[in-house]
Amino acid sequence: MSEQKPMQFGPDDVEAARVTLAQARDGEVVGIVILTDEEVTILDGPEHEQLVPTPWIDAQGEADRSLMGRVALRSMASRELVVPAETDESGSKVTKIKAHPGITGPLVLRRTARKILSVERTSSNGKDWLFAYLHHEEGRDVVLEEEISGQGHHVFSVYPEALLGERFEKFLDPTGTALLGTAAKSYTAEAFQAAVPSLPQLKEAVAVSIVSGVARGSDELLNASVYAGPHGVYVLRGTEHDPAGEPVTYSLQEVSARGLRELPAEVVPA
C-alpha cells in the first residue's frame, strides 16, 4: 500500500465509527450508505490520496475536480447528509462542513482497519471492486465493506467477519460455477507463460479477479488471481518468489465454493 497523508480523527469521528460497527448483526449484511466518487473524495478531503479507485472521476479527464466537489457538497446538503458547522479558530468564526455520522463512520473505518482485503474484478461489464476493512470492536470481528461499481458508486455495508468468505465467493464467482476442488498443477514461470495461450481455464473465463490482502503495520502484500469460467473456477498463485518478489513458480487449481470462501484467510493470515 502506498503511504498516505496522516488524517486526524476527533472523538465524534471515533464514536461514529463505533456506531457503524455496532449495526452489524449476526447472519446479516446491513447497508449503511451509498456515495459517489466525488462525494467520497470531497468528504475524505481532496488533499488525501484515495485508498480506492474512483472510476467516474478518472473518466472525466481534465475536468475541474474542485467544481465536482462543490457540486457534490451541494447535493449532499440538499439531502441533509452534510450541514454547516461553525468552529472557532484563532479567535475568529470559521464555517466548515460537518457530515452526518452515518457517513463519517464508514470514512473513518476505511482508514483505521487492522486488515484490508481487496478484489478487482474484470468482466464483460468492465471493472468492479470489493474492499473489506476488518475491525475488532468490543469483542467482535466486524467488516466494513465497500463495493465500487464502474460508474463510481460506493456501497457501504457492515457484517460479522463470519460472512466475509461468503461475500467473497459471490463476488469472485458471479455465475456460481465453483463446484469441484482438484489438486493444483505447478508451473515454472517460463512454462506458465508458454502455456497461457492454450489454457482453457484462463481463455474461457467470464470474470477475472485479482485478490489482495495486507495487514496494518506490514509491508507484505499477498495476492492471488481467480478465473471464473462457464465450467469451473480456478485460482492462480505464485508459490515461490525471487529476491525481488517476482514469482518463479505458479500453481493453478480448480476450487470449490468452499475454496473461494477460504481465500480471504489465505491472503491475510490471522
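Structure: above.
So, here is what we can say about the structure in this document.

## With respect to the overall build of the chain
Phase 1 of the analysis: Across its full length, the chain holds ten helices and twelve strands.
Phase 2 of the analysis: Judged by the C-alpha coordinates and their principal axes, the chain covers about 70 × 45 × 40 Å.
Phase 3 of the analysis: Counting the 270 residues in the chain, one finds 42% classified as buried.
Phase 4 of the analysis: Looking at the chain as shown, the accessible area adds up to about 14500 Å², and 52% of this sits on carbon and sulfur atoms.

## Describing the environment of Thr177
Phase 1 of the analysis: Here Thr177 is to be found in the loop between helix H6 (164-172) and strand E8 (185-188).
Phase 2 of the analysis: Along the backbone, Thr177 and Ser256 are 79 residues apart, and their C-alpha atoms lie at a distance of 8.5 Å.
Phase 3 of the analysis: A polar contact is formed between the side chain of Thr177 and the backbone oxygen of Gly229, at a distance of 2.8 Å.

## Side note on the environment of Gly232
Phase 1 of the analysis: Relative to the helices and strands, Gly232 is located in strand E11 (residues 232-241).
Phase 2 of the analysis: Residue Gly232 is classed as buried on the basis of its relative accessible area of 2%.
Phase 3 of the analysis: Gly232 sits 134 residues away from Lys98 along the chain, and the two C-alpha atoms are 48 Å apart.

## A look at the packing of helix H2 (residues 37-44) against helix H4 (residues 65-78)
Phase 1 of the analysis: Axis separation between H2 and H4 bottoms out at 9 Å; the angle between their running directions is 95°. Put simply, H2 runs roughly perpendicular to H4. Contacts between H2 and H4 involve Glu38, Glu39, Ile42 and Leu43 from the former and Met68, Gly69, Ala72, Leu73, Ser75 and Met76 from the latter.
Phase 2 of the analysis: When grouped by side-chain class, the residues that make up the contact of H2 with H4 number six nonpolar, two polar and two charged.

## Brief notes about the packing of helix H1 (residues 11-22) against helix H5 (residues 101-111)
Phase 1 of the analysis: Axis separation between H1 and H5 bottoms out at 7 Å; the angle between their running directions is 90°. Taken together, the axes of H1 and H5 are roughly perpendicular relative to one another. Taking contact as the criterion, the partners of Asp13, Ala16, Ala17, Thr20 and Leu21 in H1 are, on H5, Pro101, Thr104, Gly105, Pro106, Val108 and Leu109.
Phase 2 of the analysis: Of the residues in the contact of H1 with H5, the class split is seven nonpolar, three polar and one charged.

## So, the sheet that holds strand E9 (residues 207-215)
Phase 1 of the analysis: Across the sheet, ten strands lie side by side as E1-E7-E6-E5-E4-E9-E10-E11-E12-E8; this open sheet has antiparallel pairing. The open sheet has two edge strands, strand E1 (30-36) and E8, and neither has a second partner. Going from strand to strand, the sheet's axes swing by 20° on average, the running direction of each strand aside.
Phase 2 of the analysis: Both E9 and strand E10 (residues 222-229) contribute to a ladder of seven bridges, which runs antiparallel. Among the inter-strand pairings, Gly213 is bridged to a residue of E10, identified as Leu222.
Phase 3 of the analysis: With respect to the sheet, H2 is in contact with E1 and strand E7 (153-160), its orientation differing from that of E1 by roughly 90°.
Phase 4 of the analysis: Strands in contact with H5 are E1, strand E4 (115-123), strand E5 (126-137), strand E6 (140-148) and E7; relative to E1, the strand with the most contacts, it is inclined by about 85°.

## A few points about the side chain of Thr249
Phase 1 of the analysis: As for its placement among the helices and strands, Thr249 is situated in strand E12 (residues 247-255).
Phase 2 of the analysis: In terms of polar contacts, Thr249 uses its side chain to reach the backbone amide nitrogen of Glu240, at 3.1 Å.
Phase 3 of the analysis: Every residue in contact with Thr249, bar those within four places of it in the chain, is listed here: Tyr187, Thr188, Ala189, Arg237, Gly238, Thr239 and Glu240.

Rules behind the numbers
Residues numbered from 1 in each chain as written. Predicted model: local features only at pLDDT ≥ 70, side-chain atom pairs only at ≥ 80, totals over all residues. Heavy atoms only, no water. Helix = DSSP H or I, 4+ residues; strand = E, 2+ residues; numbered from the N terminus. Buried < 20%, exposed > 50% of the residue type's maximum accessible area, 1.4 Å probe, protein only. Areas by Shrake-Rupley, 256 points an atom, 1.4 Å probe, with all protein chains shown as cover. Polar contact = N/O pair within 3.5 Å; in protein donor to acceptor, adjacent residues only side chain to side chain. Axes fitted to C-alpha atoms, helices over the stretch in contact; angles between N-to-C directions. Parallel < 35°, antiparallel > 145°, perpendicular 65-115°, else oblique. Contact = heavy atoms within 4.5 Å. Nonpolar A, V, L, I, M, F, W, Y, C, P; charged D, E, K, R; others polar. Pairing = 2+ DSSP bridges.

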